[in-house]
Amino acid sequence: MFDRLYRNLYYLGLKSGYLLRNFGRWLLRRCSKPLRAVWAIVTAVAVTAGGFVVRAARKLLRECRALAADVRRVQANVLQTLRHDRKAFFPLLRRYARKALSRHGIVLRFAVNVAAPCAAFVVLALTLHALSDRTLALEVRYNDTVVGYVQSESVYLDARTQAAERLATAQAVGSGGTRTENVSFAIRPVRLTQLRDATVLCDAIVEHSNLQVTNACGIYIDGEFLCAVKNETDAATVFDTILDNYTAGDPNAVVGFVEDIDYVQGLYPDGSETIWDAARLSERLNSKKSAAQYYTVESGDTLSGVAQKFGLTTAQLLALNPDASETIHAGQRLLITQEVNYIQVQETRTQTRTVEIPYETIKEETGSLYSGTRRTKTRGQAGEQQITELVTYVDGVRTSSKEVSRVTIREPVNEVIQIGTKKAYSGSYSATSYGGSLLWPAIGAYNISSGYGSRSSGYHRAVDITKSGGGSTGLPVVAAGSGRVTTAGYHSSYGYHVIINHGNGLSTLYAHMQRGSLRVSVGDQVSAGQQVGNIGSTGNVTGPHLHFEVRVNGNRVNPLPYLGR
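A few points on the structure. The structure presented is a predicted model; accordingly, all values stated were derived computationally and were not measured.

### Some words on the pairing of strand β1 (residues 134-142)
Sheet topology places β1 next to strand β3 (residues 183-191); nine bridges connect them, and they run antiparallel. The residue of β3 that forms the bridge with Glu139 is Ala186. Relative to strand β2 (residues 145-150), β1 runs antiparallel, the two being bridged by five bridges. Its bridge partner lying in β2, Tyr142 is registered against Thr145. Counting the residues between successive antiparallel strands, the hairpin from β1 to β2 contains two residues, one of them, Asn143, with a positive phi of roughly 55°.

### Brief notes about the sheet that holds β2
Spatially, β2-β1-β3 is the arrangement adopted by the three strands of the open sheet, whose pairing is antiparallel. Edge positions in the sheet fall to β2 and β3, since each of these pairs with one other strand and no more. The mean angle between the axes of side-by-side strands here comes to 30°, regardless of whether they run parallel or antiparallel.

### Some points on the sheet that holds strand β4 (residues 213-221)
Read from one edge to the other, the open sheet built from three strands follows the order β5-β4-β7, with strand pairing classed as antiparallel. Bordering the open sheet on either side are β5 (224-229) and β7 (261-269), each of which pairs with just one other strand. Between one strand and the next, the sheet's axes are offset by a mean angle of 35°, whatever the strand orientation. Bridge count between β4 and β5: five bridges; the pairing is antiparallel. Residue pairing in the sheet places Ile221 in a bridge with Glu224 of β5. Across the face of the sheet, helix α4 (residues 153-167) comes into contact with β4, β5 and β7 while running at roughly 75° to β7. Relative to β5, helix α7 (residues 278-285) is tilted by about 150°, and along the sheet it contacts β4 and β5.

### Observations regarding the packing of aromatic side chains
Counting across every chain of the model gives 11 aromatic pairs. Measuring from ring centre to ring centre gives 5.5 Å for Tyr295 and Phe310, while their planes differ by 65°; the resulting arrangement is edge-to-face. Separated by 15 residues along the polypeptide, Tyr295 in strand β9 (residues 293-296) and Phe310 in the loop between α8 (303-309) and α9 (314-320) bring together distant segments of the chain. Feature note: the residues Tyr220, Phe225 and Tyr268 constitute an aromatic cluster, connected by ring pairs. Note that Arg333 overlies the ring of Tyr294, its terminal NZ or CZ placed 4.3 Å from the centroid. The ring centre of Tyr393 lies 4.3 Å from the NZ or CZ of Arg349, which sits over that ring.

### Examining the pattern of salt bridges
This model, assessed by the stated rule, comprises nine salt bridges. Between Arg141 and Glu139 there is a salt bridge; the shortest N-O distance is 4.0 Å. Take Arg141: its relative accessible area is 31%, and that puts it in the partly exposed class. Relative accessible area serves as the criterion here: at 6%, Glu139 is assigned to the buried category. In this structure, the salt-bridge partner of Glu364 is Lys377, at a minimum N-O distance of 3.3 Å. Highlighted residues: Glu364 in strand β13 (residues 361-370) and Lys377 in strand β14 (residues 374-378), separated in sequence by 13 residues. Taking the relative accessible area as the measure of exposure, Glu364 reaches 27% and is therefore partly exposed. A cluster of three or more residues bridged by salt bridges with shared partners is formed by Glu139, Arg141 and Arg188.

### Focus on the nonpolar core
Most often, soluble globular proteins have nonpolar side chains that are buried together. One finds Ile465, Ile500, Tyr510 and Phe548 to be the most contacted residues of the largest nonpolar core, which totals 26 residues. Residues Ile219, Ala235, Leu281 and Val345 belong to the second largest nonpolar core, which totals 20 residues.

### A word on α4
Spanning 15 residues, α4 covers 21 Å between terminal C-alpha atoms, matching the ideal 21 Å at 1.5 Å per step. Along α4, the residues that are buried comprise Val155, Tyr156, Ala159, Gln162, Ala163, Arg166 and Leu167. Considered in projection along α4, the buried side chains sweep an arc of 130° and stay on one side of the axis.

### Regarding a nonpolar patch on the surface
Side chains of Tyr11, Leu14 and Tyr18 sit close together on the surface and give an oily, nonpolar patch of about 300 Å² of accessible area. Structurally, Tyr18 is set in helix α1 (residues 2-84). Residue classification places Tyr18 among the partly exposed positions, given a relative accessible area of 41%.

### Overview of a positive patch on the surface
Together, Arg21, Arg25, Arg29 and Arg30 line one region of the surface with positive charge. Positionally, Arg29 belongs in helix α1.

### Things to note about the side chain of Thr348
Within the secondary structure layout, Thr348 lies in strand β12 (residues 345-357). Thr348 gets classed as buried once you look at its relative accessible area, which sits at 19%. Dropping the residues within four chain positions of it, Thr348 is found in contact with Ala253, Val254, Leu390, Val391 and Thr392.

### Looking at the packing of α4 against helix α5 (residues 198-207)
Two elements in contact, α4 and α5, have axes whose closest approach is 8 Å; the angle formed by their N-to-C orientations is 50°. Overall, the two elements α4 and α5 adopt an arrangement that is oblique. Of the two possible hands of crossing, α4 and α5 adopt the one that is right-handed. Touching Val155, Tyr156, Asp158, Ala159, Arg160, Gln162, Ala163, Arg166 and Leu167 of α4 are Ala198, Thr199, Leu201, Cys202, Asp203, Ile205 and Val206, all from α5. Across the contact of α4 with α5, the residue classes break down as 10 nonpolar, two polar and four charged.

### A word on the state of the cysteines
The tally for this structure, following the rule as stated, stands at zero disulfides. Just so you know, Cys227 is unpaired, no disulfide at all, and the nearest cysteine sulfur is the one on Cys217, 9.0 Å from it. Since its relative accessible area comes to 0%, Cys227 is described here as buried.

### Topic: α5
The element α5 is extensively covered by neighbouring structure, given that seven of its 10 residues are classed as buried. Regarding α5, the residues found buried are Ala198, Leu201, Cys202, Asp203, Ala204, Ile205 and Val206. Residues of α5 that are buried sit in contact with β1, β2, α4, β4 and β7.

Reading guide: rules and limits
- Residues numbered from 1 in each chain as written.
- Predicted model: local features only at pLDDT ≥ 70, side-chain atom pairs only at ≥ 80, totals over all residues.
- Heavy atoms only, no water.
- Pairing = 2+ DSSP bridges.
- Helix = DSSP H or I, 4+ residues; strand = E, 2+ residues; numbered from the N terminus.
- Axes fitted to C-alpha atoms, helices over the stretch in contact; angles between N-to-C directions.
- Contact = heavy atoms within 4.5 Å.
- Phe/Tyr/Trp six-rings, centres within 6.5 Å; stacked < 30°, edge-to-face > 60°.
- Lys NZ or Arg CZ within 6 Å of the ring centre and 35° of its normal.
- Salt bridge = Lys/Arg side-chain N within 4 Å of Asp/Glu carboxyl O.
- Buried < 20%, exposed > 50% of the residue type's maximum accessible area, 1.4 Å probe, protein only.
- Core = buried A, V, L, I, M, F, W, Y, C linked by side-chain atoms within 4.5 Å.
- Expected span 1.5 Å × (residues − 1).
- Arc of directions from axis to C-beta.
- Patch = residues over 30% accessible without salt bridge, like charges linked within 9 Å, V, L, I, M, F, W, Y side chains within 5 Å.
- Areas by Shrake-Rupley, 256 points an atom, 1.4 Å probe, with all protein chains shown as cover.
- Lys, Arg positive; Asp, Glu negative; His and termini not counted.
- Charge placed at Lys NZ, Arg CZ, Asp CG, Glu CD.
- Parallel < 35°, antiparallel > 145°, perpendicular 65-115°, else oblique.
- Left-handed = near helix turned anticlockwise from the far one by under 90°.
- Nonpolar A, V, L, I, M, F, W, Y, C, P; charged D, E, K, R; others polar.
- Disulfide = S-S within 2.5 Å.

Structural data, given as structure tokens:
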């Protein structure tokens, strides 16, 4: 089948190629004549235009040669007149110019029409180039000295603010002069390269402030001037030493300062109040900006009241005091605000933690359990997830975290609860269910007088059910589950007894019932809760009770798990 399909496709493609080729030939024949006509017209126009241009160029060339010949012919006469009779030079030049204009008008008109616009274009280009490199700027004259040119007054104001910070620490006497400030402005056209920014202008203002200045490295913290040091390397070493104390704990941590630290090289007043050494800088940076604040609890204070008094929430107050509780007592000291370092170190670490994934509870109905009973089919098990976070600490105190990834290590296992839907026998008795797969086999008797397992007379592979306080004789015995009766009669040990086969290898035995109380026969189909007899004391017994067995594939097992007890 596929061979035939491929062959048909091949013939279809071949036929399509023939049709396209024939259509192309037909279209070429139809369009060839119009194309030839258009090409002939274009060729004629090109030849005509070319001939005109060639003739015009030849004519212009002949005129240029004639003009050059006339200039050479009168050149000697003009130069001689210029040397011997300067008064006659200009009239002679005007006469030759009029003759040249009348005889060689073509050349002169070409020069005016072509050369003049070209020259004008060159002049315009040179003018624009010269203007593009210039601008109007504000000339700043400080203490009768031009200190620079700026684009706007805001640049000067910024520079003056920076200079004021640098000069604020300078002492008038100890700095070797008196600070004066006489400022004036003027508008000037300047080159773009002459414009100054605020930093350069600040240096110029400091230099012309009549104070002794020196070249140093200024240290700015959050934009505020702290001091200046002679060497930028010394300042950087002091800051790096502070950071090294934090990276020693976690080499993979990213450490930096909360504040913005800037190093500005420039001119600064040369005095001890402004110029610091590395030791003095280190001492200041390792000092405290503010001390810790504590509150001593008074009689009648509450934790929420103290928090509200200082503008905190109760959670914030407890976070500051992890050893405190909701109950506080008089005389107790509570931390209100922590101490703040002069510069704060921000440390970001990568940390992982494990969280629990809760499981879901799923309820499913089943006909193997009686209505109103429940059984756990699958125990729920919580899952686990590993969360990777970027945790930020400021001076060792955790301030924020950002989740990076979340990986499931173990999936949760949902808990499955089976809800019984099987209806019990709707006779005159209401059988009891304890949540097991079988109903309680006796009505009114709920006491286990002898359990499953070892006892003095031997191993007991059943449970004996009686009524607490006596009076068990005659109480109804009901089927613990639906099934077919396989035995119903008398046995020397069991007395009057019944065995019910429930299917899937499960069967139950009811023994020692009263004579004449059996209500079922072999082969009967019974429902759960249906009465099969009454409690008695027939067979090998010491007193009235119900001997109840559960058998799985013929083996007697403990009945209590099946009864839910």
